[in-house]
Amino acid sequence: MMQVQKTKHIEALTTNYAVAYAVKAADVDVIAVYPITPQTTIVEKLSEFVANGELNAELIHVESEHSALSAVVGAAATGARVFTATSSQGLELMHEVLHIAAAMRMPIVMAVPSRALSAPISIHGDYSDVMNARDAGWVIYIAASAQEAYDTVIQAFRLAESVSLPVMVSYDGFLMSHTVEPVQLNDEEEVRKFLPRAVRPYTLNPKRPVTMGPLASPDWYYEFKYQQVLALKEAYKVAKEVDSEYGRRFGRSYGIVETYRMEDADYAIVAYGGASYGNARAAADMARERGIAAGVVRVRLYRPFPTADVLRALDGVKAFAVVDRAIMFGSPAEGPLYKDIATAMYMHGVDKPALGVIHGIGQRTMYVEDLYKIYTMLRDNPRKEVVFMGVRV
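The structure contained in this document is the topic of the report that follows. (Residues numbered from 1 in each chain as written. Predicted model: local features only at pLDDT ≥ 70, side-chain atom pairs only at ≥ 80, totals over all residues. Heavy atoms only, no water.)

## What about the overall build of the protein chain?
A tally of regular secondary structure across the protein chain gives 13 helices and 15 strands. Computed over the C-alpha atoms, the radius of gyration of the protein chain is 21 Å, within 12% of the 21 Å expected from 2.2 N^0.38 for a compact globule of 393 residues. Taken along the three principal axes of its C-alpha coordinates, the protein chain extends 70 × 55 × 50 Å. Counting only residues that meet the buried cut, the protein chain has 56% of its 393 residues in that class. Across the protein chain, the fraction of contacts at a sequence separation of at least 24, relative to all contacts at a separation of at least 6, is 82%. Side chains of the protein chain give 40 positive and 45 negative charges; the mean places of these two sets differ by 3 Å. (Helix = DSSP H or I, 4+ residues; strand = E, 2+ residues; numbered from the N terminus. Rg over C-alpha atoms; globule rule 2.2 N^0.38 Å. Buried < 20%, exposed > 50% of the residue type's maximum accessible area, 1.4 Å probe, protein only. Contact = heavy atoms within 4.5 Å. Lys, Arg positive; Asp, Glu negative; His and termini not counted. Charge placed at Lys NZ, Arg CZ, Asp CG, Glu CD.)

Dropping the structure here:
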């Protein structure tokens, strides 16, 4: 059995700084940087690491987020290990290149402390930006703590380079990005053993010319897209393997879906991110004290969607609610995670009362009492509908 590597030390870090330490431990070659709140302190810290010699990487200052992602696509195409970060409108400016990066099968890792989209302008957190990227072909993780973000970024490099897909690691903007928590940092040499440098079969090399991203005729374009479908299916399996191996080496693993007090739960809240999950757990404890058998399910790997794991977690409940911090305008479901779960259940012949809850938009405060109320709604009047909670009407 592999011996668990003792952690190097514990630091008090914001989640943004935890991400920067993970990127340093991964020994990246190229970092493209462009500032936007609330991700800026990630690349500021990485710039500090490069400037003082702690990280031997090329730090590229670019003129926009579109250029930041374009720069790491180019660097990854040469075989470099790459990283960038963005938020909100920056992710929207990257949107064209998101699809290019995925379709060209570039193993990019990008951190996205999530932030609400304009208009009106908001510098506060929700998941509108990340959910707009859900169909771009990226693997998407949503972390719930600074420690998990650190560990997930390291896992993301292993996953990206194993399946040749870009990976996004997201978490709550401000509520996590700028909040200090204790983080166990791994020995960097052990991290680099976990992330061996693999020789990729096709890279841009003058001695062995290849063409990347050419025009594809209707005879072949569809096949390229189908290869992305298959790669994401493979990523679902590999993500579990990577998390398990990481747990054996470093003593921390998270699975694909995390559950809390679900063993005998009659009613469940499904959530993602730090604030929703933390408050939902407190609400479940409150509900238990008041006689409601409540539990929580957290989706950590959002793309590829973990259908089997989510259905298994919700198998024994009488009814459940999905708390979304993003709005799909004009959709019958209106919450993106709610829609995914409803679709998965329909396709697998499962019929349960399922409440869609929109909350925390623009970082509207989600009180524990709000989430406790969801459990009472599930108990007293289980049904299928969408509720906008916390909005003043």
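Right, picking up where we left off after that structure.
## Observations regarding the environment of threonine 179
Relative to the helices and strands, threonine 179 is located in the loop between strand S7 (167-172) and strand S8 (180-185). At 3.5 Å, the side chain of threonine 179 forms a polar contact with the backbone oxygen of phenylalanine 174. Among the polar contacts made by the side chain of threonine 179, one reaches the main-chain carbonyl oxygen of leucine 175 at a distance of 2.8 Å. (Polar contact = N/O pair within 3.5 Å; in protein donor to acceptor, adjacent residues only side chain to side chain.)

## Digging into the sheet that holds strand S4 (residues 82-85)
If you walk across this open sheet you meet the 7 strands as S3-S2-S4-S5-S7-S6-S12, and the pairing is mixed. Of all strands in the sheet, those bounded by a partner on one side alone are strand S3 (58-61) and strand S12 (301-303). With direction set aside, neighbouring strand axes in the sheet form an average angle of 20°. Judged from the 4 bridges that link them, strand S6 (residues 139-142) and S7 form a sheet pairing that is parallel. Residue pairing across strands places tyrosine 141 opposite valine 169, the latter belonging to S7. Against the sheet, helix H2 (residues 40-51) contacts strand S2 (30-33), S3, S4, strand S5 (108-114) and S7, and its axis sits at roughly 140° relative to S4. On top of the sheet, helix H7 (residues 146-163) reaches S4, S5, S6 and S7; it is set at about 170° to S7, its chief contact. (Pairing = 2+ DSSP bridges. Axes fitted to C-alpha atoms, helices over the stretch in contact; angles between N-to-C directions.)

## Points about the sheet that holds strand S13 (residues 319-324)
Ordered by their spatial adjacency, 6 strands build an open sheet running S9-S11-S10-S13-S14-S15, and the pairing between neighbours is mixed. Two strands close off the open sheet at either side, each with one partner strand: strand S9 (257-260) and strand S15 (385-388). If you compare each strand with its neighbour and ignore which way they point, the axes differ by 20° on average. Inspection of the sheet shows strand S14 (residues 354-358) paired to S15 by 4 bridges, in the parallel sense. When the sheet's bridge partners are listed, isoleucine 358 is paired in S15 with phenylalanine 388. This element, helix H12 (residues 336-347), spans strand S10 (267-271), strand S11 (294-299), S13, S14 and S15 of the sheet and lies at about 145° to S13.

## Details of H12
Counted at 1.5 Å a residue, the expected span for H12 with its 12 residues is 16 Å, and the 17 Å between its end C-alpha atoms agrees. Here H12 has its buried residues at Pro336, Leu337, Tyr338, Asp340, Ile341, Ala344 and Met345. Positive backbone phi, approximately 70°, marks glycine 349, located one or two places after H12. (Expected span 1.5 Å × (residues − 1).)

## As for the environment of isoleucine 341
Along the chain, isoleucine 341 falls in helix H12. Taking the C-alpha atoms as reference, isoleucine 341 lies 8.2 Å from leucine 311; in sequence the two are 30 residues apart. Those residues in contact with isoleucine 341 that lie beyond four places of it in its chain are Val270, Phe305, Val310, Leu314, Phe320 and Val322.

## Quick look at helix H13 (residues 368-380)
Owing to its 3.6 residues per turn, the α-helix brings residues three or four apart onto one side. Over its 13 residues, H13 extends 19 Å from the first C-alpha to the last, a length consistent with the 18 Å expected when each residue adds 1.5 Å. Turning to H13, its buried residues are Asp370, Leu371, Tyr372, Ile374, Tyr375, Thr376, Met377 and Leu378. Considering only its buried residues, H13 is in contact with S10, helix H10 (274-289), S11, S13, S14 and S15.

## As for the nonpolar core
With 113 residues, the main nonpolar core has Phe83, Trp138 and Leu314 as its most contacted residues. Among the elements that take part in this core, H7 stands out by supplying 10 residues, more than any other. Look past the residues within four positions of tryptophan 138 in its chain and what remains in contact with it is Leu69, Leu98, Ala101, Ala102, Ile108, Met110, Pro166, Val167, Met168, Leu232 and Arg303. One finds Ala287, Ile292, Leu355 and Met377 within the second-largest nonpolar core, a separate group that totals 27 residues. (Core = buried A, V, L, I, M, F, W, Y, C linked by side-chain atoms within 4.5 Å.)

## Re unusual backbone geometry
With an omega dihedral of -5°, the bond running from alanine 119 to proline 120 counts as a cis peptide bond. Within the secondary structure, proline 120 sits in the loop between S5 and helix H6 (128-132). In this structure, proline 304 follows arginine 303 across a cis peptide bond, with omega equal to 0°. In this fold, proline 304 is placed in the loop between S12 and helix H11 (307-313). With a phi close to 60°, arginine 105 is a non-glycine residue in the positive phi region. If you trace the backbone, arginine 105 turns up in the loop between helix H5 (95-103) and S5.

## Some details on the packing of H7 against helix H9 (residues 221-250)
The contact between H7 and H9 brings their axes to 9 Å, and the two run at 135°. With respect to each other, H7 and H9 are oriented oblique. As H7 packs across H9, the resulting crossing turns out to be right-handed. Along its contact with H7, which presents Tyr150, Asp151, Ile154, Gln155, Arg158, Leu159, Ser162 and Val163, the element H9 presents Ala231, Glu234, Ala235, Val238, Ala239, Val242, Asp243, Glu245 and Tyr246. Its residues assigned to classes, the contact of H7 with H9 shows 10 nonpolar, 2 polar and 5 charged. (Parallel < 35°, antiparallel > 145°, perpendicular 65-115°, else oblique. Left-handed = near helix turned anticlockwise from the far one by under 90°. Nonpolar A, V, L, I, M, F, W, Y, C, P; charged D, E, K, R; others polar.)

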